[in-house]
Amino acid sequence: MSEEIIDVQESETTENLRPERRSEKIIVVQGNKTLKGSVTVSGAKNSALKLMAASILGQGKTLLHNVPHISDIDVMGDVIQYLGATVERDGHDMSIDTTALNSLETPYELVSKMRASIAVLGPLIGRFGHARVAMPGGCQLGARKIDMHLVGLERLGVTFTIDHGFLEASAPKGLVGKPVLLEFPSVGATENLLMAAVVAEGTTIVENAAREPEIVDLANMLNSMGARISGAGNADIEIEGVTLDALHPCEHTTVGDRIEAGTFLAGAALLTGPVTVKGIDPAFLRMAIMKLEAMGATVVIDEAGITVSREKPLTATDIQTLPHPGFPTDLQAQFMLLAALAEGNTIITENIFENRFMFASELARMGADITIEGHHALVRGVKSLQGAPVSCTDLRAGAALVLAGIAAEGQTQIHEVEHISRGYEDYVGKLCSLGADVHYALV
Ligand code: UD1
C-alpha cells in the first residue's frame, strides 16, 4: 500500500495542521550519500538536565548558557516550574529563578515522560529536607532501578517511604556526611548524592563514583554556587558540607555534548567524511576515537576540532560498553551500525542497559546480519544496507538509523522520530549542512 508523504519543517507539529493532514511525522532519508564539512555540537543534554536541577539549591536566579533546544530540556523546565520556579529561555541561555519554589512534589505525568526528572530528588532534600517524587518505572532500556540513589541518600540520613506510586523522602534532622560506597558507578546516583551532600553536616565521600564529564560539569557548577566538592572525575569524590545559606545562584556554561559529537564522528567514519566536529573536548571521547581508528578511520585533533575521514574499508573491532572512561553505552547503536558494514565479525557487549539491542532488529530490516545472545551481539559485516521503513527504538538508535539511511541504497523512512528530538538539537538540519538528503514528512 503506498502512503502519501507531505514534507514539513522540524518546527511544524501535527497539531497545527488541518485535521485531514494530522498524521505521523517521520524522517525521510535518501541513501547513497556522503557527509562532508563541519558541525558544532550543542550543550550536553545529560549535563544541562542536572544543572537545571542543581539550580534548586541556589535560592535565586541561576543563569545557564549553552542549553540545548531539545524536548528533554523542555520536560525538565516543566518539572522545575511545577515546583514553583520561573524558567525563561533566550536562545541557548536559560534563567531559572527558584526564589518562590514552594512545592516539593514531582508528578508521575512528568517523571513518566522523562526518567531524569529523578535528579530533583537530591536538591529538593538538600533545600527542604523533604521531597515527594513519582517513582520512575522501567523504560525501553530496561528496568532502570534507583536503589543506589536511595541506599546512598539513606546513608546521609534520609528515610524513604512509598506512597501510592510516590517516593516520599524525609530528613527532618538534616543530612550528615558519611562515606558512601556505590555498588556500581551510577551516573544518576552520583549526581543525586552530590546535590544532597553539598549541604550535609560534615564530609561525604562518594566511593566508586561515576566519572563522566557531566559529573565534573555538575560539580563545577555546585562549587561556583559555594559548595566544596573535590575529586569529581575520579572514583572518589569528597564533599565538605556547607550550610544552605552558603549556597547562592551562579552563572554556568554547559559542556559540549560528547554523545552528539560521537554520533557525528561515527557518521563521518561511516560516510567517509572528512567531517570536523567542534564544541567538544576531545578528551571526553578518547575510547570512541580509539575504536574509530581501530575500525579504519583517520582522526585528526587540532584547533579546528576533531576531524574524521576514511579512505579504506571499515574493519571489525570488538566493543564493550562500560562506565566512563570506558566505551559509552549511548554510542553503542552508532558503532553497531559501523560494525554492520565492516569487513569481518564484531562482538558488541552491552554491560550497562539490558534492553539496548532493540536497534539490531531495525538495522536487520535494512539488511544487517546481527545475532543477539544475552548481552552480546555478533555483528557479521555485510557489503551494503537497503533503505526500508524502520522505527526508532530509543534516542540513540534513532540517530543511528538516520545515519544508516544515508549510507543505504534507496530511501529510508524512519518512524517514532520524537525520540531523536529528545536529545539532538536540529539533527536533520545539521546532517543536511553536511550534505545529507534528510527531511521531515507527514504520512
Ligand atoms: C545516565 C544517562 C544515560 C547514560 C547512562 C550511562 C542521563 C539523563 N542519562 O543515565 O544517557 O546512558 O547514564 O552512562 O544522564 N542502576 C541500578 N540502580 C540504581 C541506578 C542505576 O540498578 O540505583 C543501573 C541502571 O538500571 C543501569 C545502570 O545501573 O543499568 C547504569 O545507570 P546509571 O549510570 O545510573 O544511568 P542513568 O543515570 O540512568
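Since the structure is predicted, the reported quantities are computational estimates derived from the model, not experimental observations.

Caption draft 1: Examining unusual backbone geometry more closely. Proline 274 follows glycine 273 through a cis peptide bond whose omega is 0°. Inspection of the secondary structure assignment puts proline 274 in the loop between α8 (258–270) and β16 (275–278). Looking along the chain, the bond that leaves histidine 324 and enters proline 325 is cis, with omega of 10°. Topologically, proline 325 is positioned in the loop between β19 (319–320) and α10 (332–340). One non-glycine residue, asparagine 32, lies in positive phi territory at about 60°. Within the secondary structure, asparagine 32 is located in the loop between β2 (25–30) and β3 (37–40). Here asparagine 32 falls in the exposed class, since its relative accessible area comes to 58%. The phi dihedral of histidine 164 is positive, around 45°, even though this residue is not glycine. Within the secondary structure, histidine 164 is located in the loop between β9 (159–163) and β10 (166–170).

Caption draft 2: A look at the nonpolar core. Counting 78 residues, the largest nonpolar core has Ile27, Phe335, Leu363, Val402 and Ile406 as the members making the most contacts within it. The leading source of residues in this core is helix α12 (residues 395–407), at 9 residues. Look past the residues within four positions of valine 402 in its chain and what remains in contact with it is Ile27, Val29, Ile414, Ile420, Tyr427, Leu431 and Val438. Ranked by size, the runner-up nonpolar core spans 73 residues in total, among them Val158, Ala171, Leu182 and Met225.

Caption draft 3: Quick peek at the sheet that holds strand β5 (residues 86–90). Strand order in the open sheet formed by 4 strands is β5-β6-β4-β15, with mixed pairing between adjacent strands. Looking at which strands have only one partner, the edges of the open sheet turn out to be β5 and β15 (251–253). Ignoring which end each strand starts from, the neighbouring axes of this sheet average 15° apart. In the packing of helix α2 (residues 71–82) onto the sheet, the strands contacted are β5 and β6 (93–97), and the crossing angle to β5 comes to about 150°.

Caption draft 4: Seen up close, the packing of aromatic side chains. In the structure shown here, the tally under the stated rule is 3 aromatic pairs. Seen from their ring centres, phenylalanine 264 and tyrosine 427 are 5.8 Å apart, and the 50° between their planes marks the pair as tilted. Placement of the pair is phenylalanine 264 in helix α8 and tyrosine 427 in helix α14 (residues 427–433), with a sequence separation of 163 residues. The exposure classification of phenylalanine 264 matches that of tyrosine 427, with both residues buried.

Caption draft 5: Spotlight on helix α1 (residues 45–54). With 9 of 10 residues buried, α1 lies mostly within the body of the structure. Taken residue by residue, α1 has Lys45, Ser47, Ala48, Leu49, Lys50, Leu51, Met52, Ala53 and Ala54 as its buried positions.

Caption draft 6: Up close: the sheet that holds strand β12 (residues 203–207). The strand order across the open sheet formed by 4 strands is β11-β12-β14-β13, and the pairing between neighbours is mixed. Every other strand in the sheet has two partners, leaving β11 (179–181) and β13 (228–230) as the edge strands with one partner each. Pairwise comparison of adjacent strand axes, ignoring direction, gives a mean angle of 15° for this sheet. When β13 meets strand β14 (residues 237–240), the two strands line up antiparallel, connected through 3 bridges. In the sheet register, arginine 228 faces β14, and the bridge partner there is glutamate 240.

Caption draft 7: Examining the environment of asparagine 46 more closely. Looking at the element boundaries, asparagine 46 is found in helix α1. Residues asparagine 46 and valine 79, spaced 33 residues apart in sequence, show a C-alpha to C-alpha distance of 16 Å. Beyond its immediate chain neighbours, meaning those up to four positions away, asparagine 46 contacts Glu191, Glu214 and Asp330.

Caption draft 8: Just the pattern of salt bridges, in detail. One pass over the structure, following the stated rule, counts 12 salt bridges. Arginine 228 is the salt-bridge partner of glutamate 240, the closest N and O atoms lying 3.1 Å from each other. Of this pair, glutamate 240 sits in strand β14 while arginine 228 sits in strand β13, placing them 12 residues apart in sequence. Residue classification places arginine 228 among the partly exposed residues on the basis of a relative accessible area of 48%. The network of salt bridges with shared partners includes Glu105, Arg132, Asp163 and Glu168.

Caption draft 9: The arrangement of the state of the cysteines in detail. Enumeration according to the criterion identifies 0 disulfides in this entry. Left without a disulfide partner, cysteine 432 is nearest to the cysteine sulfur of cysteine 392, which lies 16 Å away. A relative accessible area of 33% places cysteine 432 in the partly exposed class.

Caption draft 10: Spotlight on the environment of methionine 290. Structurally, methionine 290 can be placed in helix α9 (residues 286–294). Along the primary structure methionine 290 and glutamate 373 are separated by 83 residues, whereas in three dimensions their C-alpha atoms are 26 Å apart.

Caption draft 11: Local environment of α10. Buried residues dominate α10, accounting for 9 of its 9 residues. Taken as a whole, α10 has its buried residues at Gln332, Ala333, Gln334, Phe335, Met336, Leu337, Leu338, Ala339 and Ala340.

Caption draft 12: Region of interest: empty space enclosed by the protein. One pass over the structure, following the stated rule, counts 1 cavity of 30 Å³ or more. Taken as a whole, the largest cavity holds about 40 Å³ of empty space. Forming the boundary of the largest cavity are Thr329, Gln332, Ala333, Arg356, Phe359, Asp394, Arg396 and Ala397. Among the secondary structure elements, those contributing two or more residues to the lining of the largest cavity are α10 and α12. Of the residues belonging to the lining of the largest cavity, the class tally is 3 nonpolar, 2 polar and 3 charged.

Rules used throughout
Residues numbered from 1 in each chain as written. Predicted model: local features only at pLDDT ≥ 70, side-chain atom pairs only at ≥ 80, totals over all residues. Heavy atoms only, no water. Helix = DSSP H or I, 4+ residues; strand = E, 2+ residues; numbered from the N terminus. Buried < 20%, exposed > 50% of the residue type's maximum accessible area, 1.4 Å probe, protein only. Core = buried A, V, L, I, M, F, W, Y, C linked by side-chain atoms within 4.5 Å. Contact = heavy atoms within 4.5 Å. Pairing = 2+ DSSP bridges. Axes fitted to C-alpha atoms, helices over the stretch in contact; angles between N-to-C directions. Phe/Tyr/Trp six-rings, centres within 6.5 Å; stacked < 30°, edge-to-face > 60°. Salt bridge = Lys/Arg side-chain N within 4 Å of Asp/Glu carboxyl O. Disulfide = S-S within 2.5 Å. 1 Å grid on protein atoms, 1.4 Å probe; cavity = no way out; pocket = protein on both sides within 12 Å on 5 of 7 lines; lining within 4 Å. Points joined across faces, edges and corners; volume = space filled by probe spheres on them. Nonpolar A, V, L, I, M, F, W, Y, C, P; charged D, E, K, R; others polar.

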